[in-house]
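Chain by chain, the residues run as shown.
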Amino acid sequence: MKKVGIMGGTFNPIHFGHLFLAEYAYEQIGLNRVLFMPSNNPPHKEELDIVSNEHRLNMVMLATRDNPHFEISTFEMDREGTTYTADTLLLLTKENPDTEYYFIVGADSLLTMTKWMNPQIVFKLCTIVAAGRNHLPQSQLNIQAKLLRESYGASIIMLDMPTLEISSANIRERNAADKSIMYYLPKSVNDYINVHGLYHH
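Overview of the structure. (Residues numbered from 1 in each chain as written. Predicted model: local features only at pLDDT ≥ 70, side-chain atom pairs only at ≥ 80, totals over all residues. Heavy atoms only, no water.)

## Section: helix α7 (residues 168–176)
- Those residues of α7 not exposed but buried are Ser-168, Ile-171, Arg-172 and Asn-175. The buried residues of α7 all sit within an arc of 100° when viewed along its axis, so they share a single face.
- For α7, the elements touching its buried residues are α1 (16–29) and α8 (187–196).
- Just downstream of α7, Asp-178 is the residue with a positive phi angle, here 60°. (Buried < 20%, exposed > 50% of the residue type's maximum accessible area, 1.4 Å probe, protein only. Helix = DSSP H or I, 4+ residues; strand = E, 2+ residues; numbered from the N terminus. Arc of directions from axis to C-beta. Contact = heavy atoms within 4.5 Å.)

So this is what it looks like as C-alpha coordinates:
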(Lines give C-alpha, C1' and ligand atoms only; values in the text may rest on other atoms or scores of the structure.)
Protein backbone atom coordinates (compact mmCIF):
# COMPACT_ATOMS: atom_id res chain seq x y z
CA MET A 1 0.00 0.00 0.00
CA LYS A 2 1.13 3.51 -0.80
CA LYS A 3 1.06 5.99 2.08
CA VAL A 4 -0.10 9.40 0.95
CA GLY A 5 -0.50 12.46 3.14
CA ILE A 6 -3.14 15.12 2.47
CA MET A 7 -2.66 18.72 3.54
CA GLY A 8 -5.93 20.52 3.02
CA GLY A 9 -6.80 24.13 3.66
CA THR A 10 -7.46 27.47 2.10
CA PHE A 11 -3.71 28.24 1.92
CA ASN A 12 -4.61 31.92 2.02
CA PRO A 13 -1.63 32.26 1.80
CA ILE A 14 0.47 29.10 2.22
CA HIS A 15 3.34 29.63 4.70
CA PHE A 16 6.26 27.90 6.41
CA GLY A 17 3.98 26.42 9.09
CA HIS A 18 2.16 24.37 6.42
CA LEU A 19 5.38 23.28 4.71
CA PHE A 20 7.12 22.40 7.96
CA LEU A 21 4.17 20.28 9.14
CA ALA A 22 3.94 18.45 5.80
CA GLU A 23 7.67 17.68 5.72
CA TYR A 24 7.63 16.50 9.33
CA ALA A 25 4.69 14.17 8.71
CA TYR A 26 6.37 12.86 5.54
CA GLU A 27 9.51 12.00 7.47
CA GLN A 28 8.00 10.72 10.72
CA ILE A 29 5.36 8.47 9.13
CA GLY A 30 7.36 7.48 6.07
CA LEU A 31 4.85 8.78 3.52
CA ASN A 32 5.43 8.30 -0.19
CA ARG A 33 4.26 11.83 -0.90
CA VAL A 34 2.15 14.65 0.45
CA LEU A 35 -0.71 16.14 -1.56
CA PHE A 36 -1.40 19.81 -1.01
CA MET A 37 -5.09 20.18 -1.68
CA PRO A 38 -6.39 23.76 -1.65
CA SER A 39 -10.07 23.96 -0.80
CA ASN A 40 -12.80 25.44 -2.92
CA ASN A 41 -14.72 28.15 -0.97
CA PRO A 42 -14.43 26.35 2.40
CA PRO A 43 -17.52 25.44 4.42
CA HIS A 44 -16.23 26.62 7.81
CA LYS A 45 -14.72 29.95 6.87
CA GLU A 46 -16.99 32.87 6.23
CA GLU A 47 -14.06 35.08 5.37
CA LEU A 48 -14.42 37.77 2.78
CA ASP A 49 -10.69 38.10 2.20
CA ILE A 50 -10.06 34.70 0.65
CA VAL A 51 -8.31 35.43 -2.63
CA SER A 52 -9.23 33.64 -5.83
CA ASN A 53 -8.65 29.92 -6.38
CA GLU A 54 -6.12 30.81 -9.08
CA HIS A 55 -3.99 32.97 -6.77
CA ARG A 56 -4.09 30.45 -3.92
CA LEU A 57 -3.18 27.61 -6.28
CA ASN A 58 -0.30 29.60 -7.81
CA MET A 59 1.11 30.33 -4.34
CA VAL A 60 0.94 26.63 -3.39
CA MET A 61 2.73 25.75 -6.65
CA LEU A 62 5.50 28.25 -5.93
CA ALA A 63 5.88 27.08 -2.32
CA THR A 64 6.06 23.35 -3.10
CA ARG A 65 7.83 23.19 -6.46
CA ASP A 66 11.33 22.53 -5.11
CA ASN A 67 10.26 19.54 -2.98
CA PRO A 68 10.06 16.30 -5.02
CA HIS A 69 7.66 14.56 -2.60
CA PHE A 70 5.18 17.44 -2.39
CA GLU A 71 2.44 17.38 -5.03
CA ILE A 72 -0.53 19.57 -5.74
CA SER A 73 -4.05 18.27 -6.08
CA THR A 74 -6.83 20.43 -7.51
CA PHE A 75 -9.28 17.67 -6.60
CA GLU A 76 -11.38 19.94 -4.37
CA MET A 77 -11.01 23.11 -6.43
CA ASP A 78 -12.27 21.31 -9.51
CA ARG A 79 -15.53 20.29 -7.88
CA GLU A 80 -18.61 22.47 -7.79
CA GLY A 81 -19.98 23.94 -4.59
CA THR A 82 -18.89 23.24 -1.06
CA THR A 83 -16.41 20.39 -0.72
CA TYR A 84 -16.30 18.28 2.42
CA THR A 85 -13.36 16.15 3.50
CA ALA A 86 -15.63 13.09 3.85
CA ASP A 87 -16.69 13.32 0.18
CA THR A 88 -13.10 13.88 -0.95
CA LEU A 89 -11.92 10.78 0.92
CA LEU A 90 -14.79 8.64 -0.41
CA LEU A 91 -13.84 9.55 -3.98
CA LEU A 92 -10.08 9.23 -3.47
CA THR A 93 -10.23 5.85 -1.76
CA LYS A 94 -12.54 4.54 -4.48
CA GLU A 95 -10.21 5.74 -7.24
CA ASN A 96 -7.02 4.59 -5.46
CA PRO A 97 -7.70 1.32 -3.59
CA ASP A 98 -3.93 0.74 -3.25
CA THR A 99 -3.41 3.89 -1.15
CA GLU A 100 -3.66 4.58 2.56
CA TYR A 101 -4.46 8.23 3.26
CA TYR A 102 -3.10 10.27 6.13
CA PHE A 103 -4.95 13.53 6.72
CA ILE A 104 -2.56 16.09 8.22
CA VAL A 105 -4.06 18.73 10.51
CA GLY A 106 -3.03 21.27 13.12
CA ALA A 107 -3.81 20.13 16.64
CA ASP A 108 -6.63 22.66 17.01
CA SER A 109 -8.55 20.78 14.28
CA LEU A 110 -8.71 17.75 16.59
CA LEU A 111 -10.96 19.75 18.89
CA THR A 112 -13.47 20.59 16.14
CA MET A 113 -13.47 17.44 13.99
CA THR A 114 -16.65 16.06 15.53
CA LYS A 115 -18.45 19.06 14.00
CA TRP A 116 -17.23 18.23 10.49
CA MET A 117 -19.67 16.83 7.96
CA ASN A 118 -19.81 13.02 8.43
CA PRO A 119 -16.80 12.71 10.75
CA GLN A 120 -17.33 8.95 11.03
CA ILE A 121 -16.53 8.60 7.31
CA VAL A 122 -13.38 10.70 7.67
CA PHE A 123 -12.14 8.57 10.59
CA LYS A 124 -12.96 5.34 8.79
CA LEU A 125 -11.13 6.22 5.57
CA CYS A 126 -7.92 7.83 6.80
CA THR A 127 -5.49 8.15 9.65
CA ILE A 128 -5.46 11.59 11.25
CA VAL A 129 -1.99 13.05 11.73
CA ALA A 130 -2.03 15.94 14.18
CA ALA A 131 0.68 18.45 14.94
CA GLY A 132 1.25 19.64 18.45
CA ARG A 133 0.38 23.27 19.10
CA ASN A 134 2.22 25.31 21.72
CA HIS A 135 -0.85 27.10 23.05
CA LEU A 136 -2.94 23.95 23.50
CA PRO A 137 -2.02 21.82 26.52
CA GLN A 138 -0.85 18.33 25.51
CA SER A 139 -3.15 16.81 28.14
CA GLN A 140 -6.17 18.43 26.46
CA LEU A 141 -5.10 17.05 23.07
CA ASN A 142 -4.50 13.58 24.50
CA ILE A 143 -7.97 13.54 26.08
CA GLN A 144 -9.53 14.60 22.77
CA ALA A 145 -7.56 12.00 20.79
CA LYS A 146 -8.68 9.31 23.25
CA LEU A 147 -12.31 10.45 22.89
CA LEU A 148 -12.13 10.27 19.08
CA ARG A 149 -10.51 6.82 19.23
CA GLU A 150 -13.21 5.52 21.58
CA SER A 151 -16.21 7.20 19.94
CA TYR A 152 -15.27 6.77 16.29
CA GLY A 153 -12.54 4.14 16.24
CA ALA A 154 -10.31 6.88 14.85
CA SER A 155 -6.65 6.26 14.08
CA ILE A 156 -4.72 9.29 15.27
CA ILE A 157 -1.00 9.89 15.18
CA MET A 158 0.28 12.80 17.25
CA LEU A 159 3.45 14.23 15.77
CA ASP A 160 6.21 15.09 18.19
CA MET A 161 7.47 18.27 16.61
CA PRO A 162 8.31 21.87 17.32
CA THR A 163 5.48 24.16 16.29
CA LEU A 164 5.77 27.21 14.12
CA GLU A 165 3.20 29.68 15.37
CA ILE A 166 2.43 31.22 12.00
CA SER A 167 -1.09 31.87 10.79
CA SER A 168 -2.35 32.98 7.41
CA ALA A 169 -4.60 35.51 9.16
CA ASN A 170 -1.60 37.13 10.82
CA ILE A 171 0.25 37.27 7.49
CA ARG A 172 -2.75 38.98 5.86
CA GLU A 173 -2.98 41.49 8.71
CA ARG A 174 0.73 42.28 8.58
CA ASN A 175 0.69 42.72 4.82
CA ALA A 176 -2.35 44.98 4.97
CA ALA A 177 -0.48 47.10 7.55
CA ASP A 178 2.64 47.23 5.33
CA LYS A 179 4.68 45.17 7.78
CA SER A 180 7.24 42.61 6.65
CA ILE A 181 6.07 39.03 6.02
CA MET A 182 9.50 38.03 4.79
CA TYR A 183 10.29 35.08 7.08
CA TYR A 184 6.73 33.77 7.33
CA LEU A 185 6.66 32.20 3.88
CA PRO A 186 8.92 31.37 0.93
CA LYS A 187 10.38 34.33 -0.96
CA SER A 188 8.65 33.18 -4.16
CA VAL A 189 5.27 33.47 -2.42
CA ASN A 190 6.15 36.82 -0.86
CA ASP A 191 7.12 38.14 -4.32
CA TYR A 192 3.88 36.81 -5.80
CA ILE A 193 1.82 38.56 -3.11
CA ASN A 194 3.64 41.83 -3.83
CA VAL A 195 3.39 41.58 -7.61
CA HIS A 196 -0.35 40.90 -7.48
CA GLY A 197 -1.08 43.29 -4.61
CA LEU A 198 -2.79 40.62 -2.53
CA TYR A 199 -4.05 41.16 1.03
CA HIS A 200 -4.05 44.94 0.80
CA HIS A 201 -7.28 46.54 1.87
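Still more ground to cover, so stick around.
## Some thoughts on the packing of aromatic side chains
- This structure, assessed with the given rule, holds five aromatic pairs.
- Taking 5.8 Å as the distance between ring centres and 45° as the angle between the ring planes, the aromatic pair formed by Phe-11 and Phe-36 counts as tilted. Of this pair, Phe-11 sits in the loop between β1 (2–9) and α1 while Phe-36 sits in strand β2 (residues 33–38); the two residues are 25 residues apart in sequence, bridging distant segments of the chain. Residue Phe-11 shares its accessibility class with Phe-36, and that shared class is buried.
- Taken together, Phe-11, Phe-36 and Phe-70 form an aromatic cluster joined through their ring pairs. (Phe/Tyr/Trp six-rings, centres within 6.5 Å; stacked < 30°, edge-to-face > 60°.)

## A short note on the packing of helix α2 (residues 53–64) against α8
- Running from N to C, α2 and α8 cross one another at 150°; their axes reach a closest spacing of 8 Å. The pairing of α2 with α8 is recorded here as roughly antiparallel in orientation. Note on packing geometry: the crossing formed by α2 with α8 is right-handed. On α8, the residues that touch Glu-54, His-55, Asn-58, Met-59, Leu-62 and Ala-63 of α2 are Ser-188, Val-189, Tyr-192, Ile-193 and His-196.
- For the contact of α2 with α8, the class distribution of residues is six nonpolar, four polar and one charged. (Axes fitted to C-alpha atoms, helices over the stretch in contact; angles between N-to-C directions. Parallel < 35°, antiparallel > 145°, perpendicular 65-115°, else oblique. Left-handed = near helix turned anticlockwise from the far one by under 90°. Nonpolar A, V, L, I, M, F, W, Y, C, P; charged D, E, K, R; others polar.)

## Some thoughts on the nonpolar core
- Counting 31 residues, the largest nonpolar core has Met-7, Ile-14, Val-34, Phe-36, Met-59, Ile-104 and Ile-193 as the members making the most contacts within it.
- Of all the secondary structure elements, the ones that give two or more residues to this core are α1, β2, α2, β4 (99–105) and α8.
- When residues of this core are assigned to their parent elements, the largest contribution, five residues, is made by α1.
- Apart from residues lying up to four places away in sequence, Ile-104 is in contact with Gly-5, Ile-6, Met-7, Leu-21, Ala-25, Leu-31, Val-34 and Val-129.
- Met-37, Ala-86, Leu-92 and Leu-110 belong to the second-largest nonpolar core, a separate cluster that totals 23 residues. (Core = buried A, V, L, I, M, F, W, Y, C linked by side-chain atoms within 4.5 Å.)

## Here's the deal with the pattern of salt bridges
- In the structure shown here, the tally under the stated rule is four salt bridges.
- Residues Glu-71 and Arg-33 are paired through a salt bridge, measuring 2.8 Å at the closest nitrogen-oxygen approach. Residue Glu-71 is located in strand β3 (residues 70–72), and its partner Arg-33 is located in strand β2; the two are separated by 38 residues in the primary sequence.
- Judged by relative accessible area, which is 33%, Glu-71 ranks as partly exposed.
- Judged by its relative accessible area of 24%, Arg-33 falls in the partly exposed class.
- Close ionic contact of Lys-146 with Glu-150 constitutes a salt bridge, the shortest N to O distance being 3.1 Å. Here the residue Lys-146 and the residue Glu-150 both occupy positions in helix α6 (residues 138–152), the gap between them amounting to four residues, near one helical turn. (Salt bridge = Lys/Arg side-chain N within 4 Å of Asp/Glu carboxyl O.)

## Let's talk about the sheet that holds β4
- Read from one edge of the open sheet, six strands run β3-β2-β1-β4-β5-β6, paired in parallel fashion. The outermost strands of the open sheet, each flanked by one partner alone, are β3 and β6 (155–158). With strand direction ignored, the average angle separating the axes of adjacent strands in the sheet is 30°.
- Note: β2 against β3, three bridges, orientation parallel. Following the sheet pairing, Phe-36 is matched in β3 by Ile-72.
- Docked against the sheet, α1 engages β1, β2, β3, β4, β5 (126–130) and β6, running at close to 150° with respect to β2. (Pairing = 2+ DSSP bridges.)

## Observations concerning the environment of Arg-56
- Position of Arg-56 relative to the elements: it lies in helix α2.
- Spatially, the C-alpha atom of Arg-56 lies 9.4 Å from that of Ser-39, the residues being 17 residues apart in sequence.
- At 3.0 Å, the side chain of Arg-56 and the backbone oxygen of Ser-39 are in polar contact. (Polar contact = N/O pair within 3.5 Å; in protein donor to acceptor, adjacent residues only side chain to side chain.)

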